[in-house]
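Given next are the chains, with one letter for each unit.
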Amino acid sequence: MIPFNIPPCVGTEMHYIQQAIASHKICGDGQFTKQCNAWMEERFSAQKVLLTTSGTTALDMAFLLCDLQPGDEVILPSFTFSSTATAAVLAGAKLVFVDIRPDTMNIDETKIEAAITDRTRVIVAMHYAGVACEMDTIMDIARRHGLKVVEDAAQGVMSTYKGRALGTIGDLGCYSFHETKNYSMGEGGALVINDPAYNERAEILREKGTNRAKFFRGQVDKYTWVDFGDSYLPSELNASYLWAQLEKADEINNDRLATWNAYRAAFQPLADAGKVELPTIPEGCAHNAHMFYLKCKNLEERTALIAYLKEHGVLAVFHYVPLHSAPAGLKFGRFDGEDVYTTKESDRLVRLPMYYGLTEEDRVAAIKWVMNFFNQ
Ligand SMILES: *Cc1c(COP(=O)(O)O)cnc(C)c1O
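What comes next is a walk through the structure. Please read these numbers as outputs of a predicted model, since none were measured by experiment. Starting afresh in each chain, residues are numbered from 1 along the sequence in its written order. Confidence filtering applies because this is a predicted model: local features only for residues at pLDDT of at least 70, side-chain atom pairs given and counted only at 80 or more, and all residues used for totals across whole chains, interfaces and linings. Heavy atoms from the whole structure form the basis of all side-chain values; hydrogens and water molecules are not counted.

## Observations concerning the overall build of the chain
Right, on to step 1. Per the secondary structure count, the chain includes 14 helices and 13 strands.
Right, on to step 2. The reference for a compact globule is 2.2 Å times residues^0.38; the radius of gyration itself is calculated from the C-alpha atoms. Computed over C-alpha atoms, the radius of gyration of the chain comes to 21 Å, within 12% of the 21 Å expected from 2.2 N^0.38 for 376 residues, which places it in the range of a compact globule.
Right, on to step 3. Contacts are assigned to residue pairs with any non-hydrogen atoms lying within 4.5 Å of each other. Looking at the chain alone, contacts between residues at least 24 apart form 71% of all its contacts between residues at least 6 apart.
Right, on to step 4. Surface exposure here means Shrake-Rupley accessible area, sampled with a 1.4 Å probe, where a residue is shielded only by the protein chains that are shown. Put simply, the chain shows about 15,600 Å² of open surface, and 54% of that area lies on carbon and sulfur atoms. Strands are runs of DSSP state E lasting at least 2 residues, helices are runs of H or I lasting at least 4, and numbering of each runs from the N terminus.

## Some remarks on the pattern of salt bridges
Right, on to step 1. What makes a salt bridge here is a side-chain nitrogen of Lys or Arg within 4 Å of a carboxyl oxygen of Asp or Glu, nothing more. Within this structure, the stated rule accounts for 25 salt bridges.
Right, on to step 2. Notably, a salt bridge pairs K162 with D136, separated by 2.6 Å at the nearest N-O pair. Remark: D136 occurs in helix α6 (residues 135–145) and K162 occurs in the loop between β6 (160–161) and β7 (164–165); sequence separation between them is 26 residues.
Right, on to step 3. Any residue under 20% of the maximum accessible area for its type is buried, any over 50% is exposed, and the rest in between are partly exposed; the area is computed with a 1.4 Å probe on protein chains only. For K162, a relative accessible area of 49% puts it in the partly exposed group.

## Digging into the site of the ligand
Right, on to step 1. Residues are labelled near a given molecule or strand when at least one of their non-hydrogen atoms is within 4 Å of it. Close to the ligand lie 16 residues, the nearest being G55, T56, D152, S176 and K181.
Right, on to step 2. Think of a polar contact as two N or O atoms within 3.5 Å of one another; within protein, one of them needs to be a possible hydrogen donor and the other a possible acceptor, and neighboring residues in sequence only count if both atoms come from side chains. A distance of 2.7 Å separates an oxygen atom of the ligand from a polar atom in the backbone of G55.
Right, on to step 3. Take Q155: an N or O atom from its side chain is 2.9 Å from an oxygen atom of the ligand.
Right, on to step 4. Both site types are read off a 1 Å grid over the protein atoms alone. A 1.4 Å probe that fits but cannot get out defines a cavity, while an open set with protein on both sides within 12 Å along at least five of seven lines defines a pocket; lining residues have an atom within 4 Å of a point. Any molecule with more than half of its atoms within 2 Å of a cavity's or pocket's grid points is regarded as sitting in that cavity or pocket. Cavity membership is defined here by more than half of the atoms lying within 2 Å of grid points; on that basis the ligand lies in the largest pocket.
Right, on to step 5. Elements with a minimum of two residues in the shell around the ligand: α3 (55–65) and α4 (82–90).
Right, on to step 6. Per-element accounting of the shell around the ligand gives the leading share, three residues, to α3.

## Let's talk about the pairing of strand β5 (residues 148–152)
Right, on to step 1. A large share of β5 lies buried, amounting to four of its five residues.
Right, on to step 2. Two strands pair under a simple rule: DSSP has to find at least two bridges between them. With five bridges connecting them, strand β4 (residues 120–126) and β5 associate as parallel partners. Pairing of I123 across the sheet is with V149, part of β5.
Right, on to step 3. Handedness of the crossover is the feature at issue here: the chain leaves β4, passes through α6, returns alongside β5, and the resulting connection is right-handed.
Right, on to step 4. Direction of pairing for β5 relative to strand β8 (residues 172–176): parallel, over a ladder of three bridges. Note on β8: the bridge partner recorded for V150 is L172. Here a crossover is taken to be right-handed if, once the strands point away from the viewer, the path from the first strand over the helix to the second is traced clockwise.

## Notes on the environment of K111
Right, on to step 1. Checked against the element boundaries, K111 lands in the loop between β3 (94–98) and α5 (112–115).
Right, on to step 2. For K111, a relative accessible area of 30% gives the class partly exposed.
Right, on to step 3. Between the C-alpha atom of K111 and that of D99, which follows or precedes it by twelve residues, the distance is 7.1 Å.
Right, on to step 4. Those residues in contact with K111 that sit more than four places away from it in its chain are V98 and D99.

## Section: empty space enclosed by the protein
Any space left empty among the atoms is revealed by the rolling of a water-sized probe across them.
Right, on to step 1. Grid points are joined across faces, edges and corners, and a volume is the space filled by probe spheres set on the points. Scanning the model with the defined rule gives two cavities of 30 Å³ or more in all.
Right, on to step 2. Here the largest cavity is characterised by a volume of approximately 40 Å³.
Right, on to step 3. Taken together, E200, E203, I204, T210, N211, A213 and K214 make up the lining of the largest cavity.
Right, on to step 4. Listing elements by their share of the lining of the largest cavity, those giving two or more residues are α7 (199–206) and α8 (212–216).
Right, on to step 5. By residue number, the principal contributor to the lining of the largest cavity is α7, which donates three residues.
Right, on to step 6. Grouping the amino acids of the lining of the largest cavity by side-chain chemistry returns two nonpolar, two polar and three charged.
Right, on to step 7. The computed volume of the second largest cavity comes to approximately 30 Å³.
Right, on to step 8. Around the second largest cavity sit A154, Q155, V157, S176, F177, K181, N182, Y183, N288 and H290, which together line it.
Right, on to step 9. Here the residues of the lining of the second largest cavity sort into four nonpolar, five polar and one charged. Charged means Asp, Glu, Lys or Arg here, nonpolar means Ala, Val, Leu, Ile, Met, Phe, Trp, Tyr, Cys or Pro, and polar covers whatever is left, Gly included.

## Overview of the sheet that holds strand β10 (residues 285–286)
Right, on to step 1. Taken in spatial order, the three strands make up an open sheet running β7-β6-β10, and their pairing is antiparallel. In this open sheet, the two edge strands, each paired with only one partner strand, are β7 and β10.
Right, on to step 2. Alignment of β6 against β10, held across two bridges, turns out to be antiparallel. Residue pairing for β10: T160 is matched across the bridge by A286.

## Brief notes about the packing of aromatic side chains
Right, on to step 1. Geometry of aromatic contacts follows a simple scheme: Phe, Tyr and Trp rings, the Trp one being its six-membered ring, pair when their centres are within 6.5 Å, and the pair is stacked under 30 degrees between planes, edge-to-face over 60, tilted otherwise. For the coordinates displayed, the defined rule picks out 17 aromatic pairs.
Right, on to step 2. Measuring from ring centre to ring centre gives 6.3 Å for F81 and Y320, while their planes differ by 40 degrees; the resulting arrangement is tilted. Of the two residues, F81 sits in the loop between β2 (73–77) and α4 while Y320 sits in the loop between α11 (299–311) and α12 (327–332), which places them 239 residues apart along the sequence.
Right, on to step 3. By relative accessible area, which is 10% here, Y320 ends up buried.
Right, on to step 4. Between Y308 and W369 the ring centres are 6.2 Å apart and the planes differ by 65 degrees, which places this aromatic pair in the edge-to-face class.

## Quick look at the state of the cysteines
Two cysteines joined by a covalent bond between their sulfur atoms form a disulfide.
Right, on to step 1. Counting rule for disulfides: a pair of cysteine sulfur atoms within 2.5 Å. Counted according to the given criterion, the structure contains zero disulfides.
Right, on to step 2. You can see C27 has no disulfide; the closest cysteine sulfur is in C36, sitting 15 Å from it.
Right, on to step 3. Classification of C27 by relative accessible area gives partly exposed; the value is 43%.

What follows is the structure, given as structure tokens:
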């Protein structure tokens, strides 16, 4: 079986984990966490980055920092992971789902303005497959209406929009280092803070409501409980695993892009023949090959393709069931406008094996069986 995903491992992880153990500092905010934060700040030109225990808790922090009041609304796509929505709900938001664009599967920026009410506070830009949303338009809408923008860049680490790293364009950005993402620490994530006004509140929120971070910088002589908070610090054991991968970030990125480009080229004839649709990478977007997907004619054909591939040893999978039709989506949100693409496009989408280290042999086999299916 060719797996759909294998968690990334570059070979130096154990060395750094042992180093963390030997340092007798395995709780949060030790040397490796600091190195990871600093690496991302430098590489992505980010004002401040804080490792968190997951992409979900980075989103929790982002929405809590937006300081939502009861009845406040958050605009987001329905075609996203449940974390995007549940983090907003936890912070007290009502969800307003907006349709997606079929070419990138991202929120349709032209539908956002119509969904804004006097209770809207936040727009969420989730960069599907590591391909950027139309951020210039989204930021312009947000500024004109006085709204915050949270980027769910869980899939977008190392991707850019007009030269800027995803996660650094909105007010707050969220990364995931789950084992299914391009760079991993098992479970983990990071919050990117682009407005320094959030720095102090974010540190307090992340450190159980205390000003402990300030204390360690010598800015207060003892630390105390100052506000509500939680514990969003990952262990150094996890941070040291991630450090190994960040050191090899370009190698991982290039390896994934090579697989992605090979898939893209191989399936072009199928697209030319009108048998499948392939992902679009808009002008100005550099992606990170987080995912390779193609779109079948409909749900029936997709189900048959996934079964056929499985029969021939290739694990391909579909993706999100639209949140607005899920039980919690019905409870916490409403869909604004018409669902023209969200359900239809999600029904057709299938993802192929994609991970760091996918061999040429496996890639060629995956391509062969997809071609066979459509040419049979
Ligand atoms: C993976 C993912 C998350 C959640 O990240 P975790 O680290 O698994 O908590 C959130 N949003 C999107 C779009 C994701 O792909």
